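Below are the chains, spelled out letter by letter.
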Amino acid sequence: MQKTNNKYSAEITAVGMYVPEKIMDNKYFETIVDTNDEWIVTRTGIRERRKMEFGATSDMAVKAAEDLFKTTQVKPEDIEVIIVATVTPDMFFPATACLVQERIGAVNAWGFDLSAACSGFLFALQTGASLVQSGAYKNCLVIGADKMSSIVDYTDRNTCLLFGDAGSAVLLERTENPDLGVKDSLLHVDGSGKESLYMKGGGSLNPASYETVDNKMHYVYQDGKAVFKVAVKGMADISAEIMEKNNLKSEDVAYLVPHQANMRIIDATGKRMGLPPEKVMVNIDRYGNTTAATIPLCLTEYYRDGKIKKGDKLILSAFGAGYTWGAIYLVWSMD
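Below is a short write-up of the structure. Fair warning: this is a prediction, and the values are worked out from it, not measured in the lab.

Focus on the overall build of the chain
Then, number 1: A tally of helices and strands in the chain yields eleven helices and 14 strands.
Then, number 2: Taken over the C-alpha trace, the chain has a radius of gyration of 19 Å; the compact-globule value for 335 residues is 20 Å, and the two agree within 12%.
Then, number 3: Principal-axis analysis of the C-alpha atoms gives the chain an extent of 55 × 45 × 35 Å.
Then, number 4: Evaluated residue by residue, the chain yields a buried proportion of 56% over its 335 residues.
Then, number 5: Pairs at least 24 apart in sequence give 77% of the contacts found in the chain among residues at least 6 apart.
Then, number 6: When the accessible surface of the chain is totalled, it reaches about 14,500 Å², and 50% of it is carbon and sulfur.
Then, number 7: Treating the 36 positive side-chain charges of the chain as one cloud and the 43 negative ones as another, the clouds have centres 3 Å apart.

Listed below in structure tokens is the structure:
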């Protein structure tokens, strides 16, 4: 549990995003697996998702960062830290953050990748905020990006319908205003859930071989029922808990910003918090589950649509493989 009592706060001062042009709608999936549009929408809330046909995760991360820099006076050379949340790095090493640093010209930055699956952006945001709040750094570029199409088996109906590709970024900057920025977080991991959602192949346990490829071990595997059961409770409980911890009532919260994995989980979380549907950010219908990119994508779109205003109290919430889950209480600082 992290609640800052430091001299400095870390506020979001710029946002950016990138989604690939290629759209895969539910009609497309009707042609490749045994499913239909009504079933997909009813079970998940997804109508379409994006696929990056050429390029890698770093390309989306770079485009999201470049989009962000169009909206701020901060230049790439001013960036001090870069954190990329992803489970689909271009390669094991160097880190995707290094590739982004070089491509955007952040010549004075250091950085690293953070792997926490669908909770990755929350973990990265809290990590970046802590670095800024400490006073050691003036800013941190936090990026959530995943090319999920690179690890999805498009013959597996259980997973191929769910995921999309995207990248999104936020800029954290130091402020002495204690009323703005990242206020509190509750973050958890529980490794006992490791068998329910994973990619077995490619690491030191199961290095790439003919056998791992033949056994489809380099694709994401998910026990949907098991994950849904713990995710719906985990996201709802942690969101309510951070509200209670900070003495927030439902009328105090401008928006829930939930990870976009399943509309039923999103609805359950909003209801647990006592929020009406209009106070819950949703774009799962257009992008599906983009893993680490879902929450910053919501923030970017809703801010640019004029729906978030300075002083708005937001609860960010996610659940992912690991298991990993958590919530962040954030006060919006941009006009």
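There's plenty left to go through after this.
Concerning the environment of G105
Then, number 1: By the element assignment, G105 lies in the loop between α4 (96-104) and β6 (110-114).
Then, number 2: Accessibility expressed as a relative area gives 24% for G105, which makes it partly exposed.
Then, number 3: Considered as a pair, G105 and N215 are 110 residues apart in the sequence and their alpha carbons are 41 Å apart.
Then, number 4: When sequence neighbours within four positions are dropped, the list of residues in contact with G105 reads P76 and E77.

Remarks on the pattern of salt bridges
Then, number 1: This model, assessed by the stated rule, comprises eight salt bridges.
Then, number 2: We note a salt bridge from E30 to K27, for which the minimum N-O separation is 4.0 Å. Of this pair, E30 and K27 are both found in helix α1 (residues 26-30), three residues apart, which corresponds to roughly one turn of the helix.
Then, number 3: The residue K233 makes a salt bridge to D237 at a minimum N-O spacing of 2.6 Å. Within this pair, K233 and its partner D237 are both found in helix α8 (residues 224-245), separated by four residues, close to a single helical turn.
Then, number 4: Three or more residues are tied together by salt bridges with common partners; here these are K233, D237 and R272.

Observations regarding the packing of aromatic side chains
Then, number 1: Following the criterion strictly, the structure yields nine aromatic pairs and no others.
Then, number 2: Seen in terms of ring centroids, Y198 and Y221 are 5.0 Å apart; in terms of plane orientation they differ by 35°. Their pairing is tilted. Here the residue Y198 occupies a position in strand β10 (residues 197-198), and Y221 occupies one in strand β11 (residues 221-222), the gap between them amounting to 23 residues.
Then, number 3: According to the relative accessible area criterion, Y221 is partly exposed, its value standing at 36%.
Then, number 4: Ring geometry for F319 and Y323: centres 5.2 Å apart, planes at 50°, overall tilted. The same class applies to F319 and to Y323, which are both buried.
Then, number 5: Here the guanidinium or amino end of K63 rests over the ring plane of Y18, the centre of that ring lying 5.5 Å away.

Describing the pairing of strand β7 (residues 139-147)
Then, number 1: The buried fraction of β7 amounts to nine of the nine residues, a majority that puts the element mostly inside the structure.
Then, number 2: Of the two faces of β7, both are covered, the one formed by N139, L141, I143, A145 and K147 as well as the one formed by C140, V142, G144 and D146.
Then, number 3: In terms of strand pairing, β7 meets strand β8 (residues 165-175) through nine bridges, oriented antiparallel. Bridging from a neighbouring strand, V142 pairs with V170 of β8.

Rules of the game
- Residues numbered from 1 in each chain as written.
- Predicted model: local features only at pLDDT ≥ 70, side-chain atom pairs only at ≥ 80, totals over all residues.
- Heavy atoms only, no water.
- Helix = DSSP H or I, 4+ residues; strand = E, 2+ residues; numbered from the N terminus.
- Rg over C-alpha atoms; globule rule 2.2 N^0.38 Å.
- Buried < 20%, exposed > 50% of the residue type's maximum accessible area, 1.4 Å probe, protein only.
- Contact = heavy atoms within 4.5 Å.
- Areas by Shrake-Rupley, 256 points an atom, 1.4 Å probe, with all protein chains shown as cover.
- Lys, Arg positive; Asp, Glu negative; His and termini not counted.
- Charge placed at Lys NZ, Arg CZ, Asp CG, Glu CD.
- Salt bridge = Lys/Arg side-chain N within 4 Å of Asp/Glu carboxyl O.
- Phe/Tyr/Trp six-rings, centres within 6.5 Å; stacked < 30°, edge-to-face > 60°.
- Lys NZ or Arg CZ within 6 Å of the ring centre and 35° of its normal.
- Pairing = 2+ DSSP bridges.

Honestly, that's just the spatial picture; any functional story needs more than this.
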